[in-house]
Amino acid sequence: MPNSVDFISLVQSKFGDKVQIQKGVNGEASFVANNGLHHDILKAMIDADEKTGITSITGLDFGENLGIYYHIHTAKSFFTIKAEVPRANPKIKTLTDIHTGATFHELEVTDLMGVVFEGNELNGHFVLPENWPDGVYPLRKDINLSSVKLVPTPEREANKAAEGRQVKIIIGPQHPALLEPEKFSVTVDGETVTRVEPRIGYVHRGIEKTTELRTYLQDIYLVERVCGICNPAHAYGFVGVVEKILKPAVPERARYLRVIAMELNRLHSHLLTLGHAGLEIGYETVFQYFWRDREPIMDLIELTSGNRVYGSLITIGGVRRDITSEQIPKIKSVLADLRGKLPFYRKIYLEEPTLRLRMKDVGTLSRTDALKLSVVGPVARGSGVDMDVRKDLPYEAYNDIPFKEIVYDDGDVWARMNVRMDEVEESINIIEYAIDHLPAGPIKVEVARSVPVGEAVCSLEAPRGELFYYVKSNGTDMPERVKIRTPTFANIPSFLQTAIGESIADVPSNFVSLDPCFSCTDR
Amino acid sequence: MTDTKTWARVKSPWVLHFNSGACNGCDIEIVALLTPKYDVERFGIKLEPSPRHADVLLVTGAVTHQCAERLKRVYDQMPQPKFVVAIGACACSGGVFEGNYSVVGGVDKVVPVSAYIPGCPPRPEAIIDGVVKLLSAINPPKQKKQAGAPKAEPAPIVEEVKQNAQ
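Because the structure is predicted, anything quoted here is derived from the model rather than measured. (Residues numbered from 1 in each chain as written. Chains lettered and ligands numbered in written order. Predicted model: local features only at pLDDT ≥ 70, side-chain atom pairs only at ≥ 80, totals over all residues. Heavy atoms only, no water.)

**Details of the nonpolar core**
All names here are of chain A.
Consideration 1: Judged by nonpolar contacts, the single largest core of 102 residues is most densely connected at F238, I260, L267, F290, I297, Y349 and M359.
Consideration 2: Residues within four places of I260 in sequence aside, it is in contact with I323, I431, A434, I435 and L438.
Consideration 3: If you look at the next biggest cluster of nonpolar residues, it comprises 71 residues, including F15, A29, L66 and I171. (Core = buried A, V, L, I, M, F, W, Y, C linked by side-chain atoms within 4.5 Å. Buried < 20%, exposed > 50% of the residue type's maximum accessible area, 1.4 Å probe, protein only. Contact = heavy atoms within 4.5 Å.)

This is how it looks when you write it as structure tokens:
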């Protein structure tokens, strides 16, 4: 859909002088809107473009006031609505009544920054540990974290048994179906799921706060460790946003090498999930097949970046390692091998009756709900929403590289997995094209260690969907605030909705179809 | 009888994987161990979902405050004798997250650790090496004939596994 809506004129004509417009700040423009106007602006934007949704909400500490930045995505652009509330009475109107997707973002800001969203209040903790004292907000600047005293764990609602004939089944934090610790309290009536309550935060390591205490260079290595699966995406998210403030002339060759690194990462991540989905439905052969073929890709990542998992290839101003002409035949032969196996795998995912029985019409998310919940990545594309940051807001060399955007309309687990299956082939195409068209020249430019005062946003298509970074700099070599919105954080609400009314046995396969990554979710 | 038990344990250790707040890097490498390229089942190692059936606890992650209680509980549920292997830099010492407000910083601050496998993440080969070294430490070839093997848990063994990184 072409972007025919001019949001800047729309806001200008509707709100006039009440809203101050900062063009070019944090996306296409920032709207400074206080006294509850943020609610009206978002409503006007959603009415104008159905793809409008909340990407993230950042809480900031300005001393006297607390800032709340609503990062809004539309079909082809980014906006930020800036609001401020007094520190003494940090209350603001919730947006959940017009956009359900805001729920989790608001709760997170409440827990970490202490802003109360009226109409979406938090009971207990959302990402902080249960034994964290109430009223201590780690992202505020005046907090001395070393003096925080943990309190005994209180008993919260989720641990109490269900009433009547319903039974509450606790999945996690240590559970065979979950590789990572996170708790889901699933209430069932017979075998039918009636309610799912998540408790995230088991992997919350306080990365956003820690980035403020380290230099930009150290932060690259820190944000990579948000996630061990999609680390080049995180590295690029942070580097990309810092580069928007610093504006170095990144060499063309580096832009292509970054694309190769991110697509190799997507390949290994998608193969991992396609295999993992087989494991969750008890089809272990599929798991072993996909993971067998993932290993040569891991070898390629090691060949090009120097390490299997954390290559730390992407850095501010370029990349740290070049692809030599001797490596190219090896890369091409591995990709050709994988391409040769794809028809067989596609046949498994399209036709295999066992897979169809466990995946077709399971966890169906309609297009309307997908838009309402602001889901991202393969989950959105599996529900017929054509959202791919690589196409909508091309970054690095994606503008020059032809590739197809994969969209399935079914909205079920099967569709989400087939989106990934088809994207494997597209990734191979992208890497092959990038290698064939690799420009000559340097791979890196020198950049200053200190970053001038500024703020910027960067969004990119990680394997699990849109990954969003916001950085505010203060002129030193350490950032003032870093906000990370990860794809799984945006996708979990869709699982909470689609699981209801389905069998408890379908919970694992429904859940794994989001390609969940809790270390991303919690940060 | 003790010899038989040791033999059974060394030939077929069932491992339980617990993520105490890791980034997935180490965890995916542990899962990769089960797949055709590394295939740890050739050492009799089997990934076991229940703590009550496990001999070895593989812990990854810097141990968040939210997970610490659970890690202790999982450890307590395992039958004696039991061994804990800390996998990755975070599990060994806290790694990059050392000092963060929501992490304890290291598995050995919560449960006793028998072997440390450093690396970020350790390569699958390093994990295999670490586990095999732990197994040979449980049943050293020379002491096989000595009567009355120690009943208590062995003293923590610190393994330096050379990591071929960067």
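**A few points about the environment of A:K360**
All names here are of chain A.
Consideration 1: Of note, K360 is situated in the loop between α10 (353-359) and α11 (367-373).
Consideration 2: On the basis of relative accessibility, which here comes to 19%, the residue K360 falls in the buried class.
Consideration 3: Separated by 37 residues in sequence, K360 and I323 have C-alpha atoms that sit 42 Å apart.
Consideration 4: Discounting residues that sit within four places of it in the chain, K360 has contacts with L355, D410, D412 and W414.
Consideration 5: At a separation of 3.0 Å, a polar atom in the side chain of K360 contacts the side chain of D412. (Helix = DSSP H or I, 4+ residues; strand = E, 2+ residues; numbered from the N terminus. Polar contact = N/O pair within 3.5 Å; in protein donor to acceptor, adjacent residues only side chain to side chain.)

**Describing the pairing of strand β4 (residues 65-73) of chain A**
Residues and elements named next belong to chain A.
Consideration 1: Taken across its nine residues, β4 has eight buried, putting it largely inside the fold.
Consideration 2: Remark: three residues form the turn of the hairpin made by strand β3 (residues 53-61) and β4, two consecutive strands paired antiparallel; G63 in that turn has positive phi of roughly 95 degrees.
Consideration 3: Taking the residues between adjacent antiparallel strands as the criterion, β4 and strand β5 (residues 78-86) are bridged by four residues. (Pairing = 2+ DSSP bridges.)

**Considering the interface of chain A and chain B**
Consideration 1: On the side of chain B, 41 residues touch chain A, which itself brings 51 residues to the contact.
Consideration 2: For the salt bridge of B:E29 with A:R308, the shortest nitrogen-to-oxygen distance reads 2.8 Å.
Consideration 3: Between chain A and chain B we count 13 residue pairs in polar contact (both at pLDDT 80 or more) in total.
Consideration 4: Looking at the side of chain A that touches chain B, the elements with two or more residues in it are α4 (207-211) and α8 (284-305) of chain A. (Salt bridge = Lys/Arg side-chain N within 4 Å of Asp/Glu carboxyl O.)

**Examining the pattern of salt bridges**
Residue and element names in this part refer to chain A.
Consideration 1: Applying the stated criterion across every chain, the model contains 47 salt bridges over all chains.
Consideration 2: In this structure, the salt-bridge partner of E208 is R523, at a minimum N-O distance of 2.5 Å. With a gap of 315 residues between them, E208 in helix α4 and R523 in the segment after α17 (518-522) connect regions that are remote in the sequence. Across the pair, R523 and E208 agree in class, each one buried.
Consideration 3: R390 serves as the salt-bridge partner of E263, at 3.2 Å between the closest nitrogen and oxygen. Here E263 is found in helix α7 (residues 252-280), whereas its partner R390 is found in helix α13 (residues 389-392), with 127 residues between them in sequence.
Consideration 4: Residue class for E263 comes out buried when judged on its relative accessible area of 0%.
Consideration 5: The exposure class of R390 is buried, given its relative accessible area of 4%.

**Quick look at the packing of helix α9 (residues 327-351) of chain A against helix α14 (residues 413-436) of chain A**
Residues and elements named next belong to chain A.
Consideration 1: Contact pair α9 / α14: the axes reach a minimum separation of 10 Å and the direction vectors enclose 160 degrees. Comparing the axis directions of α9 and α14 gives the class roughly antiparallel. When the axes of α9 and α14 are compared, the crossing they make is left-handed.
Consideration 2: Classifying every residue of the contact of α9 with α14 gives 16 nonpolar, two polar and seven charged. (Axes fitted to C-alpha atoms, helices over the stretch in contact; angles between N-to-C directions. Parallel < 35°, antiparallel > 145°, perpendicular 65-115°, else oblique. Left-handed = near helix turned anticlockwise from the far one by under 90°. Nonpolar A, V, L, I, M, F, W, Y, C, P; charged D, E, K, R; others polar.)

**Digging into the packing of aromatic side chains**
Consideration 1: Scanning the entire structure with this criterion turns up 25 aromatic pairs over all chains.
Consideration 2: Residues A:F287 and A:W291 carry aromatic rings whose centres are separated by 5.3 Å and whose planes lie at 50 degrees to one another, so their mutual orientation is tilted. In this pair, A:F287 and A:W291 are both assigned in helix α8, four residues apart and thus about one turn of the helix distant.
Consideration 3: Through successive ring pairs, a cluster of aromatic residues spans A:Y289, A:F290, A:F344, A:Y345 and A:Y349.
Consideration 4: Over the aromatic face of A:F489 sits the side chain of A:R523, whose NZ or CZ is 5.6 Å from the ring centroid.
Consideration 5: Positioned above the aromatic ring of B:W14 is the side chain of B:K46, whose terminal nitrogen or guanidinium carbon lies 4.2 Å from the ring centre. (Phe/Tyr/Trp six-rings, centres within 6.5 Å; stacked < 30°, edge-to-face > 60°. Lys NZ or Arg CZ within 6 Å of the ring centre and 35° of its normal.)

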